[in-house]
There are 2 protein chains.
Amino acid sequence: MSDVEGAWQALRDHVGEIETLGSIGGMLDWDQQTMMPPRAAKLRGSQQALLARLAHERLADPRIAGWLAALEGSGEPVRRACVRNLRRKHERARRVTAELVERLAHARARGFAAWLEAKRSADFARFEPELGELLELSLRRAEAIDPERHPYEVVLETYDPGVEVGFLSELFARLRAGLEPLLAAIAARPQLPSLGGEFEPARQAALHREVAATLGYEFEGGRLDEAEHPFTSGHGPGDVRITTHYERHDLLSGLSGTIHETGHGLYEQGLPHEHDGTSVSRAASFGLHESQSRFWENFVGRSLAFCTWLAPRIEAHFPGAGIEAERLYQAGNRVERGLRRVAADEVTYNLHIILRFELELALFERKLAVADLPEAWNARHREILGVGPADDAEGVLQDVHWSSAAFGYFPSYTLGNLWAASLGRSLEEGVPDLWSQVERGEFSEVLGFLRERVHGKGHLLEAPEIMRAAVGERDAVADLLGHLWQRHGCLYGVEEAATR
Amino acid sequence: MSDVEGAWQALRDHVGEIETLGSIGGMLDWDQQTMMPPRAAKLRGSQQALLARLAHERLADPRIAGWLAALEGSGEPVRRACVRNLRRKHERARRVTAELVERLAHARARGFAAWLEAKRSADFARFEPELGELLELSLRRAEAIDPERHPYEVVLETYDPGVEVGFLSELFARLRAGLEPLLAAIAARPQLPSLGGEFEPARQAALHREVAATLGYEFEGGRLDEAEHPFTSGHGPGDVRITTHYERHDLLSGLSGTIHETGHGLYEQGLPHEHDGTSVSRAASFGLHESQSRFWENFVGRSLAFCTWLAPRIEAHFPGAGIEAERLYQAGNRVERGLRRVAADEVTYNLHIILRFELELALFERKLAVADLPEAWNARHREILGVGPADDAEGVLQDVHWSSAAFGYFPSYTLGNLWAASLGRSLEEGVPDLWSQVERGEFSEVLGFLRERVHGKGHLLEAPEIMRAAVGERDAVADLLGHLWQRHGCLYGVEEAATR
């Protein structure tokens, strides 16, 4: 075996082990959020800390540099992508001590438990010390990885490599400027009716399973369970688990959650697992992951065509509910400057992200103290969204992310929304009968498009490159605003201002 | 820090890591048997193989010998026990190659999947190659651990250290001789009536939860789920999960399964977890573990007093079922020379174990080929139990054990039955109002006795020593036979032969 082939084999074995450790951690995380008994929290923390340390030791292993050097310049796409991905991961890992990795893992376990308690009692003070520690450890980690760079940019790289603070600031400013006229126009119009009604959770579950399966999610290699905060756990081929949450008096919130997670699940099930052990069969970025969930949840799931297919399926599971497509379409697209990000409509959603981006940036620049976070949240929430929370549970404590130190994750949601809009507009242009396929509950051409252009690419290219290859050069902000004006302008009877 | 203290600290950290790896493996195993989607089998095999290798590397770590040498002669009970336990584990591990450990882990994952398929299609041939490989790898492993010893004794040591083939042969002969007169006497009497009826599984689940909680099982640190083959998964403090199986037309089979697993769960929940990281907070042996499950399932669960408490609880969950205590007591103690070990009554159960012990011994002595196993099973089953299975599913494929290479496990069930009888007889002698406590559904004194004398001892002493300290010098065979004659002699109206 040549040196190059030897290095490739050694790197694959090594990366395979890191991926397996990651898949085990993913399993434990899924279990923690769906099945785990309350008293297991401390043990789970030790388990996750050990797995994190083992994965970190392997990522920081100095032999990696030698293997990468041997493989440098390879023209074969998988190897080239593997070298690029591993170089970044290795460089980040080798600068962080194992001690810091373990402290972070333990702090995450404690943070999640404290956040749950704090949220249940609407008491930020209960979470404040843990959040403070998570922030300090995250800052120490960012400093260790690159003391020259903006620490927030270092954490952003975890989720969407290459995204810069300046780029996000401009992007959000442009998006906000584009959303305001639409929101103002909608605010002047009568509100659309909501759905109401009562829906037995066990029957909702059966409906959700049918919807997920019809979209293409394979239950032979997955599950659908209930979790406090819905998420998808993809651990390799054959084990991709989605979760949702059933509300007895709100059929649509759970359903859109399931469609969202199905989007994530379809992506995970479509990754090129023949390249396991090379980093290439993993998601290219969190933003790209979110583009898949938001594409299905919003672009497809909130369309009139989808509602036309869905209405009789609801009737089948809830005989006599009498929900017609048009009513579903209206209820699913009510625009409201509300309090909860996960319940937000397509139009206001990104405003919730802007709020979080600003606060995270302020925390990372030490311009905002953790203790002052609830007040800052409430004040800025009122400025951006026009309403403020009644307590911390529906305010600063609403999201799970900070409890696991996932600072810098939120912007990926907006990247996902933008890319989802570009994928949707591109499909609309390229598939003339797109909406009649959706009306008939036929999703195979849509899924095939995503499988070929996004899922199957894995992490061969970086996410922005995958998008460029998938849809060409498009202005994603224009795609999103165009889509929102088209759908909501029509629903609310407002016309797009010529000034946009 | 002295050398001794340094060695103790290092050993504790090291053992703690091994225990954490074990708890992660236990979680994945629980998931595999309760939640995992079918297509995840291959990935799960890789995950378990990696965990097995990591644990093995740590157990075989040559530094352990140095730490043990430094701690040799310590008079402190926890340290002394830790040295004893680790010496055995280390000696066994260091002789086995990591390659063999990984091959066994992969073979187990394949074996379990093949066994499931084979059982579903009642086709032993589907499982034969995997079983053959599992046996060969187990023999290679036994040979590596100690080429001088009987290979079956080497595997027995995994479950109950110190148990020898000669001891078991004599024990089983004595037990069989003692059981035959009772079985003959019962066979001459009319059979007791069975329960019949139809019981909705979801309501059974609620009843089972109440029973487990009343016995003392803590759901804050546990769960009750359904599995094909009920088991208990104890992974550390705060996470002890039991499983059961609901049969719509057989209330008692599921219920006795739950009580059995609750016994395992109570043991795990009562282990001295303050000694985590020393091996001392783990079960002392599988036989002792089984003594706990069988004590609750049989000695308590099949007693008239327990049935007296249980009957109104059944009525509460199944109004109008009208099952009185006496009827429950009779139905729960029907003696039948049947086909299924897990469904066997207290009297014939050990005959099922004798069959398996003989066949395993023959396989390990290479006197029986894997291909001839079904025929040998059927023939010997007819000789020992008087009936033979109609197909392999209810014959040689009925148990999960061999699919994970758990050869040598079965004798632990009989050790458990014997020790359970001694614990029961000893409690009857020491607690005059024992049965009226049970009638009232009060189990705290019984549980307290077990907590103090068995659970809380962890692995401080070896299992036979724990039993000696718990009940004194007793003849366990006489205890079991005495208990069976007393309960079943009375129920069937037969008198103990003076010749026993």
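Residues numbered from 1 in each chain as written. Chains lettered and ligands numbered in written order. Predicted model: local features only at pLDDT ≥ 70, side-chain atom pairs only at ≥ 80, totals over all residues.

### Focus: the relation of the copies chain A and chain B
Piece 1. If you rotate chain A by 180 degrees and push it 0.0 Å along the axis, it lands on chain B with an RMSD of 0.0 Å. Taken together, the rotation and translation describe the operation of a two-fold axis.
Piece 2. Take the interface residues of chain A: 100% of them recur as interface residues in chain B, which is what a same-surface contact looks like. (Least-squares fit on C-alpha atoms with pLDDT ≥ 70 in both. Contact = placed C-beta atoms within 7 Å.)

### What about the interface of chain A and chain B?
Piece 1. Taken residue by residue, the interface counts 28 residues in chain A and 28 residues in chain B.
Piece 2. If one sorts the elements of the side of chain A that touches chain B by residue count, helix 1 (residues 3-34) of chain A sits on top with seven residues.
Piece 3. A class-by-class count of the residues in the side of chain A that touches chain B yields 12 nonpolar, nine polar and seven charged. (Helix = DSSP H or I, 4+ residues; strand = E, 2+ residues; numbered from the N terminus. Nonpolar A, V, L, I, M, F, W, Y, C, P; charged D, E, K, R; others polar.)

### What about the sheet that holds strand 1 (residues 222-226) of chain A?
Residues and elements named next belong to chain A.
Piece 1. Strand order in the open sheet made by the three strands is 1-3-2, with mixed pairing throughout. Every interior strand has two partners, whereas the edge strands, strand 1 and strand 2 (232-234), have only one. Across the sheet, the mean angle from the axis of one strand to that of its neighbour is 15 degrees, orientation sign disregarded.
Piece 2. Both strand 1 and strand 3 (residues 240-244) contribute to a ladder of five bridges, which runs parallel. Counted as the bridge partner of Arg-223 is Arg-241 from strand 3.
Piece 3. Where helix 1 meets the sheet, its contacts fall on strand 1, strand 2 and strand 3, and the angle it forms with strand 2 comes to roughly 155 degrees. (Pairing = 2+ DSSP bridges. Axes fitted to C-alpha atoms, helices over the stretch in contact; angles between N-to-C directions.)

### So, helix 8 (residues 165-187) of chain A
All names here are of chain A.
Piece 1. With 23 residues, helix 8 ought to run about 33 Å at 1.5 Å a step, and its terminal C-alpha atoms sit 31 Å apart, in line with that.
Piece 2. When the local axis directions of helix 8 are compared, the greatest deviation, roughly 25 degrees, occurs at Leu-179, which is followed within four positions by the proline Pro-181.
Piece 3. Of the surrounding elements, those touching the buried residues of helix 8 are helix 14 (349-364), helix 16 (410-430) and helix 20 (476-492). (Expected span 1.5 Å × (residues − 1). Bend = angle between axes of the 7 residues up to and from the residue.)

### Notes on the sheet that holds strand 2 (residues 232-234) of chain B
All names here are of chain B.
Piece 1. With mixed pairing, the three strands of this open sheet are ordered in space as 1-3-2. Looking at the sheet topology across the chains shown, the edges are occupied by strand 1 (222-226) and strand 2. Neighbouring strand axes in the sheet, compared pairwise and without regard to direction, differ in orientation by 15 degrees on average.
Piece 2. Across three bridges, the pairing between strand 2 and strand 3 (residues 240-244) is antiparallel.

### Considering the domain arrangement of chain A
Residues and elements named next belong to chain A.
Piece 1. Once the domains are mapped, chain A shows domain 1 (3-148) and domain 2 (166-492).
Piece 2. Just the C-alpha atoms count here: the centres of domain 1 and domain 2 sit 26 Å apart.
Piece 3. When residues in the side of domain 1 that touches domain 2 are grouped by element, the largest group, 11 residues, is from helix 1.
Piece 4. Here the side of domain 1 that touches domain 2 is composed, by residue class, of 21 nonpolar, nine polar and seven charged. (Domains from an automatic or database assignment.)

### Some thoughts on the pairing of strand 3 of chain A
All names here are of chain A.
Piece 1. Most of strand 3 is tucked away, with five of its five residues classed as buried.
Piece 2. Here strand 3 shows no split at all, with Val-240, Ile-242 and Thr-244 on one side and Arg-241 and Thr-243 on the other all buried.
Piece 3. Between strand 2 and strand 3, which pair antiparallel one after the other, the connecting turn spans five residues, and Gly-236 there sits at a positive phi close to 80 degrees. (Buried ≥ 20, exposed ≤ 12 C-beta atoms within 10 Å, placed from the backbone.)

### Details of the environment of Leu-481 of chain B
All names here are of chain B.
Piece 1. Mapped onto the fold, Leu-481 is located in helix 20 (residues 476-492).
Piece 2. For Leu-481, a count of 23 C-beta atoms within 10 Å translates into the label buried.
Piece 3. It is 8.8 Å that separates the C-alpha atoms of Leu-481 and Val-347, two residues lying 134 residues apart in sequence.

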